[in-house]
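# Commentary on secondary and tertiary structure
These are the residues of each chain, in order.
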Amino acid sequence: METLRTHWDTNHQGSTPMGGTYRPALAAFSALEGWWGASYGDRELARAMFASPRAADMANIVGHPTADAFAAAFEAARDEAFYVFAQPLSINVLNGFSFKATYLHQDVERLFTQLPHFQNPNVLRFRVMETARIMLRLLWGNMNGLWRGVYERRTLLTTLLLGMMHNRLLRQHSHQGRPLYNQSGVAFTLLTFAYAPAQAWRDKQAQMPQGYGFNEDQWYYFWRIFGSLLGLHSQLIPHNHDEAQEMWYQFFANGICRGNPHSLDYRQPGFSSLNVGLNNAFNAANNVAPDKMTTLDLLSFFPSWLVTQVRNHPRWREFRKGR
């Protein structure tokens, strides 16, 4: 962990700020592709954690008695998550709702309005694209090109780096003595990426049961481990869709988030209640074209997407059958 902290500090501080305010984080995540050889793949980290004095806690958190059993379950869950994320339906939900919906949480909104770039559409667009690029590395194991055929996948390590990044960059902000980077904000952000796409798939299943089938247990297992690695308390991590939905509604019912919990698209009425500068800048950011390096990086995952589609060809047969 100390080496990982040094890795983050070195790579992040060495990056060039955008617009004089925002320092991109992707360099630190990209550098993990060839970092440490094959020593810190997911299976190696799992075995190290199960060999530690906290092995019983580890087994309790992940729900499996051994490192290899956990690694196998997690790899299956990650593959399921990548398949779901890679489909147009999920991309539309993420791009049209999830990224902006994180600001419906009042602490998250206050946090980002304290940052100097919150009204810069170019930086906001880059942030969204950067988040997408980091998520692709998490879901595919943080390897590009030849690295994918040489090294173990590194989702666990990459998620730990993401949690470390959030703690380093965001924890110093507060409002009237209340820390704005907190368990509540992280839990809601996780739901915008876990619950919202899953609900969209459920809605589609009502129309085409065979076409939009996915393994909900594996989907939420991925987010369960992801949330744990980010430092979320176990009581704030849903284990299934019913728990996720209950948590989602509670955020709105208790006034922590504004808007209509039933609205999971760009028409969400809570968006009109956001800080005017943040709302306008985010809307304008949607019209900003990604820079060339971002486009090339996203295209580099096309082979991964293609392999995933081929591997799931039985599902596509069901999809073509419809009902």
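Quick look at the structure, then. (Residues numbered from 1 in each chain as written. Predicted model: local features only at pLDDT ≥ 70, side-chain atom pairs only at ≥ 80, totals over all residues. Heavy atoms only, no water.)

### As for the overall build of the chain
Per the secondary structure count, the chain includes 17 helices and two strands. Radius of gyration (C-alpha) of the chain: 19 Å, near the 20 Å computed for a compact globule of 323 residues. Dimensions of the chain, computed from C-alpha atoms along their principal axes, come out at roughly 55 × 50 × 40 Å. In the chain, which comprises 323 residues, the share counted as buried stands at 48%. As presented, the chain carries roughly 14900 Å² of accessible surface, and 55% of it is formed by carbon and sulfur atoms. Between the centroid of the 30 positive side chains of the chain and the centroid of its 24 negative side chains there is a distance of 5 Å. (Helix = DSSP H or I, 4+ residues; strand = E, 2+ residues; numbered from the N terminus. Rg over C-alpha atoms; globule rule 2.2 N^0.38 Å. Buried < 20%, exposed > 50% of the residue type's maximum accessible area, 1.4 Å probe, protein only. Areas by Shrake-Rupley, 256 points an atom, 1.4 Å probe, with all protein chains shown as cover. Lys, Arg positive; Asp, Glu negative; His and termini not counted. Charge placed at Lys NZ, Arg CZ, Asp CG, Glu CD.)

### Considering the pattern of salt bridges
In this structure the tally under the stated criterion is 17 salt bridges. Residues Arg110 and Asp107 are paired through a salt bridge, measuring 3.5 Å at the closest nitrogen-oxygen approach. Remark: Asp107 and Arg110 occur in helix α7 (residues 106–113); sequence separation between them is three residues, near one turn of the helix. What makes Arg110 partly exposed here is its relative accessible area of 28%. For Asp107, a relative accessible area of 4% corresponds to the buried category. Taken together, the shared-partner salt bridges in this structure form one network comprising Arg43, Arg47, Asp68 and Glu75. (Salt bridge = Lys/Arg side-chain N within 4 Å of Asp/Glu carboxyl O.)

### A short note on a nonpolar patch on the surface
A contiguous nonpolar patch, built from Phe302, Trp305, Leu306 and Val310 and spanning about 370 Å² of accessible area, is present on the exposed surface. Inspection of the secondary structure assignment puts Trp305 in helix α16 (residues 302–311). (Patch = residues over 30% accessible without salt bridge, like charges linked within 9 Å, V, L, I, M, F, W, Y side chains within 5 Å.)

### Section: the nonpolar core
Among the nonpolar cores identified, the biggest contains 90 residues, and Phe70, Trp219, Trp223 and Phe226 are the most heavily contacted of them. With near-sequence residues (within four places) excluded, Phe226 lies in contact with Met135, Leu138, Thr159, Leu162 and Leu190. (Core = buried A, V, L, I, M, F, W, Y, C linked by side-chain atoms within 4.5 Å. Contact = heavy atoms within 4.5 Å.)

### Looking at the packing of aromatic side chains
This model, assessed by the stated rule, comprises 24 aromatic pairs. Summarising the aromatic geometry, the rings of Phe188 and Phe252 are spaced 6.1 Å apart at their centres and angled 70° between planes, so their arrangement reads as edge-to-face. Residue Phe188 is found in helix α11 (residues 183–207), and its partner Phe252 is found in helix α13 (residues 241–253); the two are separated by 64 residues along the sequence. The class for Phe252 is buried, based on a relative accessible area of 9%. Relative to Phe226, the ring of Phe222 lies with its centre 6.0 Å away and its plane at 25°, an arrangement referred to as stacked. Of the two residues, Phe222 and Phe226 are both situated in helix α12 (residues 216–230); the distance of four residues between them amounts to about one turn of the helix. The class for Phe226 is buried, based on a relative accessible area of 7%. Taken together, Phe70, Phe74, Phe85, Trp219, Phe222, Trp223 and Phe226 form an aromatic cluster joined through their ring pairs. Positioned above the aromatic ring of Phe271 is the side chain of Lys100, whose terminal nitrogen or guanidinium carbon lies 4.7 Å from the ring centre. (Phe/Tyr/Trp six-rings, centres within 6.5 Å; stacked < 30°, edge-to-face > 60°. Lys NZ or Arg CZ within 6 Å of the ring centre and 35° of its normal.)

### Details of the packing of helix α5 (residues 67–85) against α12
Following both chains from N to C, one finds α5 and α12 inclined at 110°, their axes separated by 8 Å at the closest point. Taken as axis vectors, α5 and α12 run roughly perpendicular relative to one another. Contacts between α5 and α12 involve Phe70, Ala73, Phe74, Ala76, Ala77, Arg78, Glu80, Ala81, Val84 and Phe85 on the former and, on the latter, Gln218, Trp219, Tyr221, Phe222, Trp223 and Ile225. Broken down by class, the residue content of the contact of α5 with α12 amounts to 13 nonpolar, one polar and two charged. (Axes fitted to C-alpha atoms, helices over the stretch in contact; angles between N-to-C directions. Parallel < 35°, antiparallel > 145°, perpendicular 65-115°, else oblique. Nonpolar A, V, L, I, M, F, W, Y, C, P; charged D, E, K, R; others polar.)

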